[in-house]
Structures are given as structure tokens and as C-alpha cells.
Amino acid sequence: MDANVRTTFEGSYLGDRTRIAADALMECKICWYRYDPADGDPVWQVPAGTPFAALPPHWTCPQCEGAAEQFMVVGHAQ
């Protein structure tokens, strides 16, 4: 296998958080939880208005504990 081929799923942002727009809606590919920056994440005490790219490195899905890299861009906040 080519050493440059990624072997883990990294969502549609390819694991590079700098590619995610501040208003991007993100969805967990494991449980379909949606992270909306307008709402933040009360489980992790992330305030409303926090973009996905600004979540702490240890943040995981509040429903299934999937890693942030398991999230896909599914749209933009209205």
C-alpha cells in the first residue's frame, strides 16, 4: 500500500480543520449526531457560536464518543 494513502476515515475535510468553514454543520458518521456551531455542545460545555474547527483536540461526539475526525461536513448554518 502507498504510504501516502490514508487508512482512516477523515470526513469530507480530510482531517484538516482549517478547511472547515466557521458555519459548517458537521455530522458524525457513526451515530448521525449533528454539531451546529450556533448551538455549541452543552455536554462538553462548548459555548454557542464555537466553530467545529475551534473545538478542543480531545473533543468527541457527545452521543457515541466518536473522534472529531469521524465527522463529515453536511451543510452550512442558515
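Coordinates for the structure precede this section.
Owing to the predicted nature of the structure, the values given are computational and were not obtained by experimental measurement. (Residues numbered from 1 in each chain as written. Predicted model: local features only at pLDDT ≥ 70, side-chain atom pairs only at ≥ 80, totals over all residues. Heavy atoms only, no water.)

Caption draft 1: A look at the pairing of strand E1 (residues 24-28). Along E1, 5 of the 5 residues are buried, which leaves the element largely enclosed by surrounding structure. Pairing between E1 and strand E3 (residues 71-76): 5 bridges, direction antiparallel. Bridge pairing links Cys28 to Phe71 in E3. Alignment of E1 against strand E2 (residues 34-35), held across 2 bridges, turns out to be antiparallel. By the bridge assignment, Met26 is partnered in E2 with Tyr35. (Buried < 20%, exposed > 50% of the residue type's maximum accessible area, 1.4 Å probe, protein only. Helix = DSSP H or I, 4+ residues; strand = E, 2+ residues; numbered from the N terminus. Pairing = 2+ DSSP bridges.)

Caption draft 2: Seen up close, the side chain of Thr50. When you line up the elements, Thr50 lands in the loop between E2 and E3. When its relative accessible area of 14% is taken as the criterion, Thr50 is described as buried. Looking at Thr50, its side chain comes within polar contact range of the main-chain oxygen of Pro47, at 2.7 Å. Sequence-distant contacts of Thr50, defined by excluding residues within four places in its chain, comprise Tyr35, Pro37 and Leu55. (Polar contact = N/O pair within 3.5 Å; in protein donor to acceptor, adjacent residues only side chain to side chain. Contact = heavy atoms within 4.5 Å.)

Caption draft 3: Inspection of the nonpolar core at higher detail. Among the nonpolar cores identified, the biggest contains 14 residues, and Met26, Tyr35, Phe52, Trp59 and Phe71 are the most heavily contacted of them. Per element, the largest residue contribution to this core is 3 residues, and it comes from E1. Excluding anything up to four places from it in sequence, Phe52 contacts Tyr13, Arg17, Ile20, Met26, Tyr35, Trp59, Ala68 and Phe71. (Core = buried A, V, L, I, M, F, W, Y, C linked by side-chain atoms within 4.5 Å.)

Caption draft 4: Representation of the packing of aromatic side chains. For the structure shown, the criterion picks out 5 aromatic pairs. Each ring, one from Tyr35 and one from Phe52, has its centre 5.9 Å from the other, and the planes form 65°; the classification is edge-to-face. Here the residue Tyr35 occupies a position in strand E2, and Phe52 occupies one in the loop between E2 and E3, the gap between them amounting to 17 residues. Each member of the pair, Tyr35 as well as Phe52, carries the same accessibility label: buried. By the ring-pair criterion, three or more aromatic residues cluster together here, those being Tyr35, Phe52, Trp59 and Phe71. (Phe/Tyr/Trp six-rings, centres within 6.5 Å; stacked < 30°, edge-to-face > 60°.)

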